[in-house]
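Report on the structure
One-letter residues, chain by chain:
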Amino acid sequence: MSHSTGSPNQKNYDEEAGNNRSGEDEDCSNVFDITRTKHASVERLRRWRQAALVLNASRRFRYTLDLKKEEDRKQTLRKIRAHAQAIRAAFLFKESVPPENGIEPPKSSVAGEFRIGQEELASISRDHNFTTLQQYGGVKGLGELLKTSLEKGIPGSDDDLLKRKTAYGSNTYPRKKPRSFWRFLWEACQDLTLIILMVAAVASLALGIKTEGIKEGWYDGGSIAFAVLLVIVVTAISDYKQSLQFQNLNEEKRNIQIEVIRGGRRVEVSIYDLVVGDVIPLNIGDQVPADGVLIIGHSLSIDESSMTGESKIVRKDSKEPFLMSGCKVADGNGIMLVTSVGINTEWGLLMASISEDTGEETPLQVRLNGVATFIGVVGLTVAFLVLCVLLVRYFTGHTTNADGTPQFVAGKTKFGKAIDGAIKIVTIAVTIVVVAVPEGLPLAVTLTLAYSMRKMMADKALVRRLSACETMGSATTICSDKTGTLTLNQMAVVESCACLKKVNNSDGKPDLSPKISSLIIEGIAQNTTGNVYVPETGGDVEVTGSPTEKAILQWALKLGMNFEATRSQSSILHVFPFNSEKKRGGVAVKLPNNEVHIHWKGAAEIILASCTRYIDENDQVAAMDDDKRMFFRKSIEDMASGSLRCVAIAYLPYELENAPTGEQQLADWAMPADDLVLLAIVGIKDPCRPGVADAVRLCQKAGVKVRMVTGDNVQTAKAIALECGILRADSDLSELLIEGKDFRELSDRRREEVAEKISVMGRSSPNDKLLLVQALRRRGHVVAVTGDGTNDAPALHEADIGLAMGIQGTEVAKESSDIIILDDNFASVVKVVRWGRSVYANIQKFIQFQLTVNVAALVINVVAAISSGEVPLNAVQLLWVNLIMDTLGALALATEPPTNHLMDRPPVGRREPLITNIMWRNLLIQAIYQITVLLIFNFRGKSILNLGHDSTDHADKVKNTLIFNTFVLCQIFNEFNARKPDEFNIFKGITKNYLFMGIIAVTLVLQILIVEFLGKFTTTVRLNWKHWLISVVIGFISWPLAVVGKFIPVPETPFHRYFTRSPLFKFITRIFRRRRERTEDLSVGSVE
C-alpha cells in the first residue's frame, strides 16, 4: 500500500490511483492489493482466494466471482454458439444444392387464430431458411399470416396481445430459482469454528447431563448450542435479505425498454412485453430484442458476436433478412418483424442454459479479505496461546474452584470431569477465534453495496458492476457529455438562417418562400429517424425520435409539413445514417418526375464547408462566394455563442442515370457530399439543467474536475460550459478549450500534458473521448466518463467508471458501462460520487468499531488467562459480542446514508490505507480505555464493588457479569463514536437513521434480558441498580474521551508503514508468500 497527500492532479498521484490500464496490478507483490477488478485476470483473482484465511468459504466467497461457474458458463456459451454455426453451415450447404423435384410448398399449421405455427416460424428464423420465407410470400406474406401491418404494426389491444402470447409464448425464459432461506441457513452452518463449538456443546451437554443430571447439567452445553444457533439464524436472515436486494436490482438491469410500432404509433414497452408480430424500429446501438426478419433496412449492419463468437459485422438486406435476438446494431437503421420470442429464440435458449449471476468481487472486498486474514492470523495465535496456557494450568492443578481447591488433581479427578474441563477450555479458545477472525468484515462491503445500490436506484442510478460503486468514491475527474447530461435535452429551433438572411418566425411560422420550404420539408421528412403520428380521431400530433430530430421535425411542421404525404411523394434510394465521426447523415430520394435529390443534414460548419451554392431571396440557386460564406459562418458563430446547437440542411440535385440501380450497388454507393446547395441553418436551444451549476461546484469543491466532451461546435460548448460553471469568465480559455481534431493530432506525451489542463473539448469524436480517457489514466487519474452512443463503448470500457445514459443511451453503451444514469442528469452523476465515498466511509466506520472490539476482547482474555487461568468473558458471552460486532454492527454502520461532509474532502486514493491514522488513534484510545478499566475490575473488582462479604463463587459471578455488561455497553456507546470518526458531533443526522437507532435499541434490550433473566445460559447474575449505573457511566465516558482524542494530532505518514518495517510483519509476510508459492506449485503440478 502507499499513500499520497498531494493533489490528485499532480504526477505523484500515480502511486495512489494506479497509472496502468487493463493489465495493472498483475505484478503486485501483495495479492490483496487489486485496485481494479474490472479487467483482472482469472489467475490474479485465484491467487488472493488461495492466500485468504477463511473459516466459512461458502459465505465469504458468496458475492465474489465464482471462477468455476464462470468457466462452465463460457463452455456452455461455446457449445451453443457451435450449434448455431452448425445450423447455419447446414443451411448454406442445403441452399447450394438445387432441389430435384422443384420447391415443395411448406406444410401449413395454425396457432390459435393465426395461420402459421411456432415450429414453422422457428424453422424460418432459427435456421435462416430463406427458401421457406419466400414460399410464405416473403416478409409481406409472413405479416399477413401473423395479422400484422408492416407499416402500422399490430393493433396492440390487451385481447390481441393475450392471443399472441397464448399462441407463440412470451419474451421471457426460465431462470434458475434463487437461493432459498434454507440454503443460506445451511451455508451459515458451514463455519468451521461454529461446527467445532457445536461439537463441543454436544460433548459438554452429554457430560453435564451424565455428571449433574438433566435438570442442571444441560445448561453449559445447551447455552453454547443456543448461542451458536442464534448466530447462525441471524447471519442467515441478514444474508438472505441482502440476496433479495441483489435479485431486485438484477431484474431492473434486465428490463430493457424497447420502441415498437403498434396501431401506427411508436410506443415504448418492456422487452418482456414483446410478442410475435410486433414491428420494431432498429437504430445504431440497439439490441435486437427477439428473433425476426427485416422489413426494410438502410445500411443495416449487425454485430452477431454475442451469438456466433465471431466479431464479424454482418450486412442485412432483403437477401439476408434474418435477425437474431441478443445481437447489436453496429450501423445503419431498419425495421424488423418479430417471428420468435423467449425460449423459442437462440438467445433465450442460451440465457436459460447458463447461470447468469456468477458474482463479482470489488477492490475493497479483496483488500478487506487481506485485513481479515491478517487479523485472523493474530487471533489464531492468541487463541492457541490461551489454549496452551489454560490447558497447562488446568492439568498442573493451578486452576482452582471458587472455594480454592484445584479443579484437576492427577489420579483423583474423574475422567469425565477432566474431559469436561478440557472441553470448556477448548470452547473458550475456539470462541476467541470466532471473535478474532472477522468473517463479517469482507461481507460488510456487500452489505453496504447492496444498501447503496438500492438507495442509488431512488437517486436515478442503476449499478451494473458492484466495483464501480466504490471506485466512484476515488474519481478525480468526470468527462461528461453535454447534451442531455448537462442540458435538459428539451430541444427547440429558436433561430434559423436561409436565403442569406435571418428568418423571422412571425406567428410561429418561419417566413420562407414555398420553393425553399418544400425542399426543406422534403429533406427533413425523408432524412430522419424520427416519426410524426397524427391520431385519426384528432388530438395532438405526436413527434418521436432523438431530441434533435424532434426539434427539427417540429420546426418543419411549422413550415406546413404533412409528414406521411411528403414521404409518400418520393421513394428512398439509399440512406447514409448519421455518423458521429462524420457528424452528418444523408438520404437519396427519387421523385415522381424521375429526378433524384440527395439531402444532407448535420453539423453546421461541416455541411457549410461542403456547400458551393445557396438559394437566394428570388428562389434562385446562386454561387457562394467568400462574402456569402463569411455571412453564414458569422451566423453560425452568433448562434453558437448563444449556446445554440447549429444544424445545417443542404441538398444536391442528381441525375437518375448516375445513381446505382442494383441492391448491392446501392448498398455500396458513396453518396456525393460535395458541391451542395445550402437550404437553411437552424439554431437549436437546449437549456442547461436546473441545479447543474451547483452540482459542478460541489464536484470542484470535492476535488473532482468536471470536463465537458461534446460533438457540438466549440463556441456552443464554451457558452454552455460558462453557464454550467465548468469554465470561468476570468480563466485563460486558450488552455482550457480544444477541438477534437487538434487533440488527436498531438503526440502521446503532449496529449497527456494537454489532457491535464483542458476543461472543454468540442467537435470531438468517440475516439477523441477514448484518447482523453487513456491520457488522463496515464496521468494517474481515476476517470469517470459518460456516454450514450455505440461508438462511446470503447471509452466507457476503458474508463475506471463508465456511466451510460438511461434515456438516450444505446444498449451497446449500456452494456459497456458500469453504472446507468436513469435520468441522464449530471446531478445524478454527482450523487453517485457521494454514494461511492459513502461506501468507503461506512466500511471504515465498521472497521474502526470491529477492531476496537477485537483488540479489547482479545487482550482482556489473554491477560486474564495467563495471570489467573480464568477468562472473564466466557464462550456464550463472546458469541453475543461477536453477533453485536459482526452482523448487527455491520447493519448499523454499513448502512449510514451519505452526508454532504463527504464532499468536503479530496477523493479517496485507491491505495490509501483502509485504516487511517485517525482511525488508529480513535480505536487505540477506546481499546486502551476499555482494557484498562475492565482489567482493573478483573483483578480488583471484588474490593472496588465491596463484594468481600459475599461468597467467593457469587462475588466472582457478580464481578464477571459487571465486566461483561460494561464491555457490551462500551461497544454500544462506541458505536455512536464510530459514526463520525473525524467529526465532533457524533449525533448529527442520527434521527434520520432509523435502522441504526433500531439496532442500538434491540442490542440494549437483549443485553438487559441476558443479564437479568438468562443468567443460567450466560453464567451471569442479576445486577443491582448501582452496578448498572457503574456500567453505564463507564460506557458513557467513551463519548467525552472520543472528543478529547480528536484534539490529538496524527502524523501524515500512515502508521502501517512503521508496522510493515517490523520483524513480526516481515515474518507473517514470509509465511504467506511461502504458502502462496506452495499452492501455485501444486496447481501447476496438477495441470501438468
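Residues numbered from 1 in each chain as written. Predicted model: local features only at pLDDT ≥ 70, side-chain atom pairs only at ≥ 80, totals over all residues. Heavy atoms only, no water.

1. Focus: the pairing of strand β1 (residues 257-262)
Bridging between β1 and strand β2 (residues 265-270) involves six bridges; their strand directions are antiparallel. Along β2, the bridge assignment pairs R262 with R265. In this structure, the hairpin formed by β1 and β2 is closed by a connection of two residues, where G263 is found at a positive phi of approximately 60°. (Pairing = 2+ DSSP bridges. Helix = DSSP H or I, 4+ residues; strand = E, 2+ residues; numbered from the N terminus.)

2. Some words on the pairing of strand β3 (residues 279-282)
A regular strand places its side chains on the two faces of the sheet in alternate fashion. Here β3 shows a buried face lined by V279 and P281 and a second buried face lined by I280 and L282. By the bridge criterion, four bridges tie β3 to strand β7 (residues 328-340) in an arrangement that is antiparallel. Note that in β7 the partner of L282 across the bridge is G334. (Buried < 20%, exposed > 50% of the residue type's maximum accessible area, 1.4 Å probe, protein only.)

3. A short note on the packing of helix α15 (residues 363-395) against helix α33 (residues 826-868)
To characterise two packed helices, one gives the angle between the axes of the helices and the distance between these axes. At a minimum axis separation of 10 Å, α15 and α33 run at an interaxial angle of 10°. Relative to α33, α15 is oriented roughly parallel. Contacts between α15 and α33 pair L364, R367, L368, I375, G379, V382, L385, V386, V389, L390 and R393 from the former with V839, Y840, I843, I847, L851, N854, L858, V862, A865, I866, S867 and S868 from the latter. Here the residues of the contact of α15 with α33 sort into 17 nonpolar, four polar and two charged. (Axes fitted to C-alpha atoms, helices over the stretch in contact; angles between N-to-C directions. Parallel < 35°, antiparallel > 145°, perpendicular 65-115°, else oblique. Contact = heavy atoms within 4.5 Å. Nonpolar A, V, L, I, M, F, W, Y, C, P; charged D, E, K, R; others polar.)

4. Quick word on the pattern of salt bridges
Following the criterion strictly, the structure yields 32 salt bridges and no others. Overlapping salt bridges, with partners in common, bring together E304, K316 and E320 in one network. (Salt bridge = Lys/Arg side-chain N within 4 Å of Asp/Glu carboxyl O.)

5. Some details on the packing of aromatic side chains
Counting across every chain of the model gives 18 aromatic pairs. Ring geometry for Y614 versus F632: centroids 5.9 Å apart, planes at 65°, classification edge-to-face. Taken together, the residues Y614 in strand β19 (residues 611-615) and F632 in helix α23 (residues 626-641) connect sequence positions 18 residues apart. Ring geometry for Y654 against W669: centres 5.8 Å apart, planes inclined by 40°, an arrangement best described as tilted. Of this pair, Y654 sits in strand β21 (residues 644-654) while W669 sits in the loop between α24 (663-667) and β22 (676-685), and the two are 15 residues apart along the sequence. Given the relative accessible area of 21%, Y654 is considered partly exposed. Looking at W669, the relative accessible area reads 12%, which means it is buried. Members of the aromatic cluster, connected to one another through ring pairs, are F973, F976, F987, F996, F1036 and W1039. (Phe/Tyr/Trp six-rings, centres within 6.5 Å; stacked < 30°, edge-to-face > 60°.)

6. A look at unusual backbone geometry
The phi torsion at K147 lies on the positive side, around 55°, for a residue other than glycine. Position of K147 relative to the elements: it lies in the loop between α7 (138-145) and α8 (158-168). In this structure, S643 is a non-glycine residue whose phi angle is positive, near 60°. Here S643 shows up in the loop between α23 and β21.

7. As for helix α37 (residues 994-1013)
Between its first and last C-alpha, α37 extends 28 Å over 20 residues, near the 28 Å set by a 1.5 Å rise per residue. Listing the buried residues of α37 in full gives F996, I999, I1000, T1003, Q1007, I1010, V1011 and E1012. (Expected span 1.5 Å × (residues − 1).)

8. Thoughts on the environment of A755
Along the polypeptide, A755 turns up in helix α29 (residues 748-757). Given a relative accessible area of 0%, A755 falls into the buried group. Measuring from C-alpha to C-alpha, the distance between A755 and L771 comes to 9.3 Å, with 16 residues separating the pair along the chain. Leaving out residues up to four positions away in the same chain, A755 has contacts with R707, F743, L772, A775 and L776.

9. Here's the deal with a nonpolar patch on the surface
On the surface, V1002, V1005, L1006, L1009, F1013 and L1014 cluster together into a nonpolar patch covering about 500 Å² of accessible area. If you trace the backbone, L1009 turns up in helix α37. (Patch = residues over 30% accessible without salt bridge, like charges linked within 9 Å, V, L, I, M, F, W, Y side chains within 5 Å. Areas by Shrake-Rupley, 256 points an atom, 1.4 Å probe, with all protein chains shown as cover.)

10. Here we look at the side chain of Q844
Relative to the helices and strands, Q844 is located in helix α33. The class of Q844 is buried, set by a relative accessible area of 12%.

11. Quick notes on the environment of N938
By the secondary structure assignment, N938 is in helix α35 (residues 917-944). Sequence-wise, N938 and D956 are 18 residues apart; in three dimensions their C-alpha atoms are separated by 9.1 Å.

12. So, the confidence of the model for the chain
Chain-level pLDDT for the chain is 80 on average; 81% of the residues reach the 70-or-more range. Below pLDDT 50 for its whole length, residues 99-105 participates in four contacts with residues either more than four positions away or in separate chains. (pLDDT = per-residue confidence, 0-100.)

13. Description of the sheet that holds strand β8 (residues 461-463)
Taken in spatial order, the eight strands make up an open sheet running β8-β28-β27-β26-β9-β23-β25-β24, and their pairing is mixed. Strands at the two margins of the open sheet, each flanked by one partner only, are β8 and β24 (737-739). Between one strand and the next, the sheet's axes are offset by a mean angle of 20°, whatever the strand orientation. Of the strand pairs in this sheet, strand β23 (residues 705-709) and strand β25 (residues 760-762) are connected by two bridges, and their pairing is parallel. Looking at β25, one finds that M708 is bridged to V760. Against the sheet, helix α30 (residues 766-778) touches β9 (477-480), β23, β25 and β26 (783-787), its axis set at about 170° to β26.

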